[in-house]
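Below are the chains, spelled out letter by letter.
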Amino acid sequence: MSKNSPRRFTKQRRLVHDAVIHRVDHPTAKDIFHELKGTGIGIATVYRQLASMVEDGILTTVDYDNETRYDPLTSPHAHLICSICNKIKDIELPKGIDNLTPEKLSFEINEIELTWKGICDDCQN
Ligand SMILES: [Zn+2]
Ligand SMILES: [Zn+2]
């Protein structure tokens, strides 16, 4: 199937879509699976639907701690990651980051991944 062809919006896809699309905490497939407990959807289906939403550009992924987390915010942004609770928070890219592009290396930038690691609000208390 080509990237731009419309996919049938199946019931399973809608379930996974609705479960992930408003999340700001970058859930794993397992988190979504747990949220959908009771709907009868299987973990393999959750993985498959999430992967297909990534392919369609509806979600991006963040790999952290050997797990893929799913991110419905697809515009460029940076992340704060708490090393205690593993919570991932979205923040704006710092202004002027484009000026850091290493032009002299003749390297074409497709994507900037920027992460701060530390201890979140909740875990500091
Ligand atoms: Zn924390
Ligand atoms: Zn994010």
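Residues numbered from 1 in each chain as written. Chains lettered and ligands numbered in written order. Predicted model: local features only at pLDDT ≥ 70, side-chain atom pairs only at ≥ 80, totals over all residues. Heavy atoms only, no water.

S.K.: Help me out: how do you make sense of the coordination of the zinc ion (ligand 2) in this one?
M.R.: Octahedral metals with six donors have ideal donor angles of 90 or 180 degrees. Tetrahedral metals with four donors have an ideal donor angle of 109.5 degrees. Note on the zinc ion (ligand 2): its protein donors are His26 (NE2), Asp71 (OD), His77 (NE2), His79 (NE2) and Asp90 (OD). The metal-donor distances range over 1.9 to 2.2 Å. Taken in chain order, the donor set of the zinc ion (ligand 2) reads H-x44-D-x5-H-x1-H-x10-D. The class of His79 is buried, set by a relative accessible area of 8%. (Donors = N, O, S within 2.8 Å, 3.2 Å for Na, K, Ca; no water. Buried < 20%, exposed > 50% of the residue type's maximum accessible area, 1.4 Å probe, protein only.)

S.K.: Just checking my understanding: could you explain the coordination of the zinc ion (ligand 1) for this structure?
M.R.: Within the protein, the zinc ion (ligand 1) binds to Cys82 (SG), Cys85 (SG), Cys120 (SG) and Cys123 (SG); these donor distances fall in the range 2.3 Å. Relative to the metal, the 4 donor atoms surrounding the zinc ion (ligand 1) lie at angles of 106 to 113°, and the coordination shape comes out tetrahedral. Between the donor residues of the zinc ion (ligand 1), the gaps in sequence give the motif C-x2-C-x34-C-x2-C. Taken together, the positions of Cys85 in the loop between β3 (78-82) and β4 (88-91) and Cys120 in the loop between β5 (115-118) and α4 (121-124) put the pair 35 residues apart, joining distant regions of the chain. Owing to a relative accessible area of 34%, Cys85 belongs among the partly exposed residues under this scheme. Residue classification places Cys120 among the buried residues on the basis of a relative accessible area of 18%. (Tetrahedral: all angles 85-135°; square planar, octahedral: opposite > 155°, others 65-115°. Helix = DSSP H or I, 4+ residues; strand = E, 2+ residues; numbered from the N terminus.)

S.K.: Looking at this model, I keep getting lost on the pairing of β3. Mind explaining?
M.R.: The side chains of a regular strand alternate, residue by residue, between the two faces of the sheet. Most of β3 is tucked away: 4 of the 5 residues are buried. Alignment of β3 against β4, held across 4 bridges, turns out to be antiparallel. The residue bridging His79 from the neighbouring strand is Asp90, located in β4. Linking two consecutive strands that pair antiparallel, namely β3 and β4, is a turn of 5 residues; a positive phi of about 65° is found at Asn86 within it. In terms of strand pairing, β3 meets β5 through 4 bridges, oriented parallel. In the sheet register, Ile81 faces β5, and the bridge partner there is Lys117. (Pairing = 2+ DSSP bridges.)

S.K.: Got a minute to help me understand the pattern of salt bridges in this structure?
M.R.: Pairing is possible between side chains of opposite charge, provided their charged atoms come close. A complete count under the given rule lists 4 salt bridges for this structure. Residues Asp56 and Arg13 are paired through a salt bridge, measuring 3.0 Å at the closest nitrogen-oxygen approach. Of the two residues, Asp56 is situated in the loop between α3 (43-55) and β1 (60-64) and Arg13 in helix α1 (residues 11-20); the sequence distance between them amounts to 43 residues. The exposure class of Arg13 is buried, given its relative accessible area of 4%. Two residues, Arg23 and Glu35, come together in a salt bridge whose shortest N-O distance is 2.4 Å. Of the two residues, Arg23 sits in the loop between α1 and α2 (29-35) while Glu35 sits in helix α2, which places them 12 residues apart along the sequence. Residue Glu35 is classed as partly exposed on the basis of its relative accessible area, which comes to 43%. Through salt bridges with shared partners, a single network forms among Arg23, Asp25 and Glu35. (Salt bridge = Lys/Arg side-chain N within 4 Å of Asp/Glu carboxyl O.)

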